[in-house]
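# Coordinate analysis (summary)
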Amino acid sequence: QVQLVESGGGLVQPGGSLRLSCAASGRIFSINNMGWYLQAPGKQRELVAEITSGGSTNYANSVKGRFTISRDNAKKTVYLQMNSLKPEDTAVYYCNANVRPRSWGDWSDYWGQGTQVTVSS
């Protein structure tokens, strides 16, 4: 079993900052891509940012220049630094990791439980 545990969400005023963390644990041989997705009420889950095991990154246009994704491979942890937050960033943020539990076999996607981010004055 693989678990992803997120932390760092909360309530912040517009223009403020938050840092999300997501730690992977359990049966893990290797982790490929890790990423953050958001889901606003009544909408589909969408990509915010993703990072490869080598450190290459990809961002949604709406967060470019404001959010930064990073990871610590030794700690099996991915971070999302969110600056200049806007009310439209309000959503549940989910961590995702593409994991191979053993040295053989398939890669599978795992999800965290989600953390609420609310941007409001």
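Owing to the predicted nature of the structure, the values given are computational and were not obtained by experimental measurement.

Thresholds, definitions, all that
Residues numbered from 1 in each chain as written. Predicted model: local features only at pLDDT ≥ 70, side-chain atom pairs only at ≥ 80, totals over all residues. Heavy atoms only, no water. Helix = DSSP H or I, 4+ residues; strand = E, 2+ residues; numbered from the N terminus. Rg over C-alpha atoms; globule rule 2.2 N^0.38 Å. Contact = heavy atoms within 4.5 Å. Areas by Shrake-Rupley, 256 points an atom, 1.4 Å probe, with all protein chains shown as cover. Salt bridge = Lys/Arg side-chain N within 4 Å of Asp/Glu carboxyl O. Buried < 20%, exposed > 50% of the residue type's maximum accessible area, 1.4 Å probe, protein only. Phe/Tyr/Trp six-rings, centres within 6.5 Å; stacked < 30°, edge-to-face > 60°. Lys NZ or Arg CZ within 6 Å of the ring centre and 35° of its normal. Core = buried A, V, L, I, M, F, W, Y, C linked by side-chain atoms within 4.5 Å. Disulfide = S-S within 2.5 Å.

Bringing the overall build of the protein into the picture now. A tally of regular secondary structure across the protein gives zero helices and 11 strands. Listing each helix as α and each strand as β along the protein from the N terminus yields β-β-β-β-β-β-β-β-β-β-β. In terms of C-alpha radius of gyration, the protein reaches 14 Å, essentially the compact-globule figure of 14 Å for 121 residues. Seen through its principal axes, the protein has C-alpha atoms that stretch 50 × 25 × 25 Å. Sequence-distant contacts, at least 24 apart, represent 55% of the contacts inside the protein between residues at least 6 apart. Summed over its atoms, the accessible surface of the protein is roughly 6,500 Å², and 44% of this surface lies on carbon and sulfur atoms.

With that settled, consider the pattern of salt bridges. Counted according to the given criterion, the structure contains one salt bridge. With its nearest N and O atoms 2.8 Å apart, the salt bridge here joins R66 to D89. Residue R66 is located in the loop between β6 (57-59) and β7 (67-72), and its partner D89 is located in the loop between β8 (77-82) and β9 (91-100); the two are separated by 23 residues in the primary sequence. Just as R66 is buried, D89 falls in that class too.

We now examine the environment of S108. For S108, the location among the structural elements is in strand β10 (residues 108-111). Along the chain, S108 and S21 lie 87 residues apart, while their C-alpha atoms are 21 Å from each other.

What characterises a pair of aromatic rings is the spacing of the ring centres plus the angle enclosed by the ring planes. With the rule as written, the count across this model stands at one aromatic pair. Their ring planes at 70° and their centres at 5.0 Å tell us that Y37 and W111 sit as a pair that is edge-to-face. Taken together, the residues span a long stretch of sequence, with Y37 in strand β4 (residues 30-39) and W111 in strand β10 at a distance of 74 residues. Overall, the relative accessible area of 38% leaves W111 in the partly exposed class. Over the face of the ring belonging to Y79 we find R19, whose NZ or CZ atom lies 4.1 Å from the ring centre. The ring centre of Y94 lies 3.7 Å from the NZ or CZ of R45, which sits over that ring.

Here we come to the nonpolar core. Proteins that are soluble and globular tend to have nonpolar side chains buried together. Ranked by size, the top nonpolar core spans 32 residues in total, and within it W36, V48, L80, M82 and Y93 carry the most contacts. Counting residues per element, this core draws most heavily on β9, which supplies five residues. Not counting chain neighbours up to four residues away, the residues in contact with V48 comprise W36, Y37, L38, N58, Y59, A60, V63, F67, L80 and Y93.

Turning our attention to the state of the cysteines. Think of a disulfide as a covalent bridge from one cysteine sulfur atom to another cysteine sulfur atom. With the rule as written, the count across this model stands at one disulfide. Here C22 pairs with C95 through a disulfide, and the sulfurs are 2.1 Å apart. Sign of the S-S torsion, about -80° for the bond between C22 and C95, identifies this disulfide as left-handed. Of the two residues, C22 is situated in strand β3 (residues 18-26) and C95 in strand β9; the sequence distance between them amounts to 73 residues. For C22, a relative accessible area of 0% gives the class buried.

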